[in-house]
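Examination of the molecular architecture
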Amino acid sequence: MKMEYILIKKEEFKIHKEKNNTIYEVVPSSFKLIKDNFENVEIKELKNNTDAIVRSNWEGNFYSNQIKAYFSIKQYSKQKLSYLTIYIKGSNNINEMELIDTTVNKIMSNYYIIITSYDSISEFYCNKIYNKLNKFERKLRELLFDIYTFHYGINYYDQKFSVNLKEKVKTDKSIYSESKSVEKVKQALYELTYNDIIDLLFTPKWLNEDEKNKEKLIETIHNENLSQLELIKVIEDIKPKSDWERLFLPYTGEMINFQEIIDELRELRNRVAHCKFFRKQHYDKCLDILRIANKEINKALKEVMKIDFQKLNAEYTNNQLHNSIEMLKKSLRDLGKSMSEMIYNSTKQVISAAQLSITNTIKESLNNLKIPTINSSMLNYKYTKTIIKGVKCCRNKRYLKKKN
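Now for a look at the structure at hand.

Reading the values: the criteria
Residues numbered from 1 in each chain as written. Predicted model: local features only at pLDDT ≥ 70, side-chain atom pairs only at ≥ 80, totals over all residues. Heavy atoms only, no water. Helix = DSSP H or I, 4+ residues; strand = E, 2+ residues; numbered from the N terminus. Buried < 20%, exposed > 50% of the residue type's maximum accessible area, 1.4 Å probe, protein only. Contact = heavy atoms within 4.5 Å. Areas by Shrake-Rupley, 256 points an atom, 1.4 Å probe, with all protein chains shown as cover. Salt bridge = Lys/Arg side-chain N within 4 Å of Asp/Glu carboxyl O. Polar contact = N/O pair within 3.5 Å; in protein donor to acceptor, adjacent residues only side chain to side chain. Core = buried A, V, L, I, M, F, W, Y, C linked by side-chain atoms within 4.5 Å.

**Description of the overall build of the chain**
Scanning the chain from N- to C-terminus turns up 14 helices and eight strands. Out of the 404 residues in the chain, the part that is buried amounts to 30%. By sequence separation, contacts in the chain at least 24 residues apart represent 65% of the contacts at least 6 residues apart. Carbon together with sulfur atoms contributes 53% to the accessible area of the chain, which is approximately 28,400 Å² in total.

**A few points about the pattern of salt bridges**
Here the structure, examined in full by the defined rule, presents 12 salt bridges. Ionic pairing is found between K44 and E59, a salt bridge with its closest N-O pair at 3.7 Å. Pair noted here: K44 is in strand β4 (residues 39–45) and E59 is in strand β5 (residues 54–64), with a separation of 15 residues, a long-range link. Taking relative accessible area as the criterion, E59 reaches 31% and is therefore assigned partly exposed. Here the salt bridges share partners, and the residues they tie into one network are D101, D119 and R279.

**Considering the side chain of S122**
The topology assignment puts S122 in helix α3 (residues 120–152). In this structure the side chain of S122 is engaged in a polar contact, spanning 2.9 Å, whose partner is the backbone nitrogen of F278. At 3.3 Å, the side chain of S122 forms a polar contact with the side chain of R279. Those residues in contact with S122 that lie beyond four places of it in its chain are K276, F277, F278 and R279.

**So, the nonpolar core**
If you look at the biggest cluster of nonpolar residues, it comprises 74 residues, and the most contacted ones within it are L84, M108, F161 and L265. It is α3 that provides the largest number of residues to this core, a total of 13 residues. Not counting chain neighbours up to four residues away, the residues in contact with F161 comprise Y156, K166, V169, A188, L189, L192 and L200.

Next up, the structure:
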């Protein structure tokens with residue numbers, strides 16, 4: 001294990017005031033501070049005549065609780081810098097390395113600005129916690145995939161990801177196997193950071209179904225006499241809800257401060273992911289949070305796996321069948337209405353066409369009919385003869401009647 005430090009001298013002298021006297025204390029070298037504060041220090045100076053800017057170059061060893069540590073110091077005139085390296089053989093002496101690091105910072109902070117340029121202590125704890133963070137995060141994504149796909153199927157990405165989240169989803173080209181749109185469905189939840197997951201799960205949203213519930217509430221208030229408490233409960237239920245409230249809690253049940261747990265893990269995980277300071281206190285805190293988080297996520301996964309998917313699927317199928325039948329009935333009604341209108345319009349057109357055809361035929365027949373020409377003299381003669389014949393007939397009838 002190795003720790004490396006850059007030591008920048010704050011000033012050449014430390015000034016102390018004692019009564020009326022001013023005391024100037026020469027800032028001790030890092031080598032002297034090591035020699036004065038560790039046990040059994042052995043040191044040798046390395047000569048380097050070729051490097052003009054190197055003021056001194058030392059290496060040696062010391063003991064801390066019977067553990068042998070090795071160190072080297074290079075002091076430079078430029079920028080008043082010193083480079084201190086301390087290392088211990090083996091990887092099981094983390095406690096001793098922590099003690100040495102604490103001592104170095106304590107004895108030198110009065111005179112030097114101490115920059116840790118290589119931190120094997122943080123490396124040790126990051127490596128130790130990483131597998132635990134990795135496992136929890138994968139179980140969290142498993143829960144997200146299970147719930148979102150069950151409720152929305154292939155549409156979970158389009159329906160639940162905001163525009164901002166969609167812009168962050170970049171599929172991994174190295175594992176492309178299908179179209180980009182399909183790969184986004186497969187990989188979207190892997191692309192989210194902890195901040196994105198918190199946004200996705202815990203941001204309240206107003207959906208179309210909430211709008212429908214609001215309309216139902218208006219009808220309920222109008223049609224039913226609700227008590228004040230009943231009215232308050234109904235109104236409280238109709239509000240923007242997060243996906244966590246809407247989709248997860250019905251199956252997982254209440255989870256202890258889960259949003260706070262995720263947020264705390266986010267901060268600690270970022271330290272690990274970006275190789276920041278991650279010491280024992282961070283490791284212990286992360287471990288405590290993960291114990292709670294794993295307990296909750298395991299419980300949630302167990303509850304989700306206990307869901308009677310077959311029953312829910314049957315209910316969903318029945319609802320879909322009912323909706324399909326209603327749609328079919330409506331379609332048949334619309335089709336019957338359309339057919340009646342079509343038959344009526346067709347019959348009307350046929351009758352109109354037949355009437356027009358008959359009319360045209362009659363007109364054509366009448367036009368083709370030949371009527372003989374009758375002159376006026378013949379017409380007058382026949383008319384007069386008919387009248388005379390009629391008068392004679394009437395006279396004979398009266399004569400016969402009188403005779404009888």
